[in-house]
Amino acid sequence: MQVVYEDSRMVRLKAPYVSGFLAFREVPFLVKLVQWLQEKEPDFMPQVLLVDGNGVLHQRGFGVACHLGVLTDLPCIGVAKKLLQVDGLENNSVHKEKALKSHDHSTKPLYVSVGHRISLEVAVRLTHCCCRFRIPEPIRQVWGREWGIDTATQSHLGWVSAGI
């Protein structure tokens, strides 16, 4: 997998982080980025979006990956490093079975969930294919960028282009 396009934007997040409400804080900026890409660089529109957060594996059944997928009409996958533990969603054996061990040496699972226009089977396979390390490469590269701002204000969007 290789990076074919990258871009970043400095944004000022006005809402605090509240567990379970990430979409309301970050999706507006991500939608604008996707719209800008579609207008200015349509050849680089992603086929799938990987989001550092949940999709349907969410206490309301509609996490940040669902919001972003619906608003952009792009297939979207939620990839969470931890199981969201709030009322209505528990860390139990049902959810452990849906966890992904991203590579042979990984001790912590990833929680992959459908966001929009993709099956769970395809989401898990695609996420696994993107893992050189524990975190899928598109998301890992987003977090690895040094944009001169702290990680709490970086967007959680990972792009997957054609060729996977």
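Note that the coordinates shown come from a computational prediction; the quantities given were computed from them, not determined experimentally. (Residues numbered from 1 in each chain as written. Predicted model: local features only at pLDDT ≥ 70, side-chain atom pairs only at ≥ 80, totals over all residues. Heavy atoms only, no water.)

Trainee: Explain the pattern of salt bridges to me, and be specific about the residues and the numbers.
Mentor: Counted by the stated rule, this structure contains 7 salt bridges. Of the charged contacts in the structure, one is a salt bridge between E26 and R25, with a shortest N-O distance of 3.2 Å. Per residue, the accessibility class of E26 equals that of R25, and both read buried. A single network of salt bridges, built from pairs that share partners, joins R132, E137 and R140. (Salt bridge = Lys/Arg side-chain N within 4 Å of Asp/Glu carboxyl O. Buried < 20%, exposed > 50% of the residue type's maximum accessible area, 1.4 Å probe, protein only.)

Trainee: Which residues make up unusual backbone geometry, and what are the values?
Mentor: Phi angles above zero are rare outside glycine, and D73 is one such case at about 55 degrees. Here D73 lies in the loop between α2 (64-72) and β2 (76-80). Despite not being glycine, R117 has its phi angle at roughly 55 degrees, a positive value. Summarising the element assignment, R117 is placed in the loop between β4 (110-116) and α4 (120-129). (Helix = DSSP H or I, 4+ residues; strand = E, 2+ residues; numbered from the N terminus.)

Trainee: Lay out the nonpolar core in plain terms, naming residues and giving numbers.
Mentor: Ranked by internal contacts, the top residues of the largest apolar core, which has 15 residues, are L50, I77 and V79. If one sorts the elements of this core by residue count, β4 sits on top with 3 residues. (Core = buried A, V, L, I, M, F, W, Y, C linked by side-chain atoms within 4.5 Å.)

Trainee: So what's going on with the packing of aromatic side chains? Residues and values would help.
Mentor: Counting across every chain of the model gives 2 aromatic pairs. Each ring, one from Y5 and one from F44, has its centre 5.1 Å from the other, and the planes form 20 degrees; the classification is stacked. Remark: F44 occurs in the loop between α1 (22-40) and β1 (48-52) and Y5 occurs in the segment before α1; sequence separation between them is 39 residues. An angle of 35 degrees between the planes, with centres 6.2 Å apart, marks the rings of F21 and F24 as tilted. Judged by relative accessible area, F21 falls into the partly exposed class, the value being 36%. You can call F24 exposed: its relative accessible area is 59%. One residue, R9, lies across the ring of W36, its end atom 4.4 Å from the ring centre. (Phe/Tyr/Trp six-rings, centres within 6.5 Å; stacked < 30°, edge-to-face > 60°. Lys NZ or Arg CZ within 6 Å of the ring centre and 35° of its normal.)

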